[in-house]
Amino acid sequence: MVTGGNAGIGLGIARALCDAGCAVSIWGRNPERTARAEQELRSRGGEVHPRICDVTDRDAVERAFGETVQRFGRVDGCFANAGAGGGGRTSFIERTPEEWRAMFAANLDSAFHVFQAAARHMVANAEAGKPGGRLVAVSSMGALFGVARNEHYGASKSAMNALVRALGVELARYGITANAILPGYSATEMAAELFANEKFEKAVKPRIPMRRYGTPEDYGGIAVYFMSDASAYHTADCVVIDGGYSAC
Ligand code: NDP
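Positions within a chain are numbered from 1, following the residues in the order the chain's sequence is written. Only residues with pLDDT of at least 70 are given local features in this predicted model, and only at 80 or more are side-chain atom pairs given and counted; all residues enter the totals for whole chains, interfaces and linings. Think of the side-chain values as coming from all heavy atoms in the structure, minus any hydrogens and water.

(A) Examining the overall build of the protein chain more closely. Segments assigned H or I by DSSP are reported as helices when at least four residues long, segments assigned E as strands when at least two residues long, and all are numbered from the N terminus. For the protein chain, the count of helices and strands is 8 helices and 7 strands. Note that the radius of gyration is over C-alpha atoms, with the globule rule given as 2.2 Å times the number of residues to the power 0.38. A globule of 248 residues ought to have a C-alpha radius of gyration of about 18 Å, and the protein chain, at 17 Å, matches this closely. Principal axes of the C-alpha set define a box for the protein chain whose edges measure 55 × 40 × 35 Å. Using a 1.4 Å probe on the protein chains alone, a residue whose accessible area is under 20% of its type maximum counts as buried, one over 50% counts as exposed, and one in between counts as partly exposed. Buried residues in the protein chain amount to 48% of all 248 residues. Working note: accessible area of the protein chain is about 11,900 Å², and carbon and sulfur atoms make up 54% of it. His is not counted here, nor are the chain ends, while Lys and Arg score as positive and Asp and Glu score as negative. Charge coordinates come from a single atom per side chain, which is NZ of Lys, CZ of Arg, CG of Asp or CD of Glu. Computing the positive centroid from 27 side-chain charges and the negative centroid from 27, the protein chain places the two 3 Å apart. Computed with a 1.4 Å probe, the accessible areas rest on the Shrake-Rupley method; for each residue, only the protein chains presented here act as cover.

This is how it looks when you write it as structure tokens:
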């Protein structure tokens, strides 16, 4: 299952998983966008199960997770990808408690809800003799840098990194791995406004060794790797995929 699997990086992950033969449940709030993504994934030959679900709503997550298990029999992997961007408009001293809370609800509470539903299911499977499972958070390179006017976003993503490290340790005994992917600046709707800003384009793009922004497809390979047996011993890690940005 991929939260936010109807657009952007989540859809890139869902496409790659479908192409690799996984049955995929895509979750999002927007019915039209979800229907379009479902259509596209089906046309690639994928087995797709769309769910309309606001992942900040714990009851809705538990309902959608139950429906997903009912549809597929079991859930082998959970990508907590849905999230909100920072915007970068408001300074820290103007940040309202409501903005701060909304960011943590979108990025961190949502991961708590979906990972807990998935982990409970995977642990029960392990106790019934079928160990294994993958928890993957889509965090951000923004967790590693001080980005002005975006402290709430960076803090929520750093917390996601801490979450997967702890889950990787706690759940290893059940054969469950937990990792985070940290994308760099990527061309999706979330970043569209930022990329349209000439000042940003001039300052940031030349700093990326690959000289381009990431695309949703750039995160498909790591998603397939994490869902495969090849990653069985890889856990509690935060993998940066940013075209080299954080190395210079
Ligand atoms: P997009 O805006 O393209 O997609 C966001 C996705 O999340 C949509 O599918 C949206 O679907 C879903 N979503 C958002 N909020 C909720 C919610 N409350 N419940 C359910 N679904 C939700 O953004 P990206 O693809 O760029 O972002 C995906 C992840 O990647 C995010 O966590 C983001 O922080 C991270 N990231 C992005 C970077 C970038 O430069 N683009 C860089 C680093 C990290 P719907 O609207 O239908 O609910």
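(B) Representation of the nonpolar core. Judged by nonpolar contacts, the single largest core of 34 residues is most densely connected at Trp27, Phe65, Val114, Phe115 and Leu135. Of all the secondary-structure elements, those providing two or more residues to this core are α3 (58-72), β4 (77-80), α4 (97-127), β5 (133-138), α5 (151-171) and β6 (176-183). Residue contributions to this core peak at 10 residues, all from α4. In what follows, residue pairs with any heavy atoms lying within 4.5 Å of each other are defined as contacts. Contact partners of phenylalanine 115, with chain neighbours within four places excluded, come to Cys78, Ala80, Leu135, Val136, Ala137, Leu163, Val164 and Leu167. Counting 21 residues, the second largest nonpolar core, distinct from the first, contains Ile26, Leu41, Tyr219 and Phe226. We define a nonpolar core as any set of buried Ala, Val, Leu, Ile, Met, Phe, Trp, Tyr and Cys residues linked to one another through side-chain atoms lying within 4.5 Å.

Without other data, these values stay purely geometric and don't point to any function.
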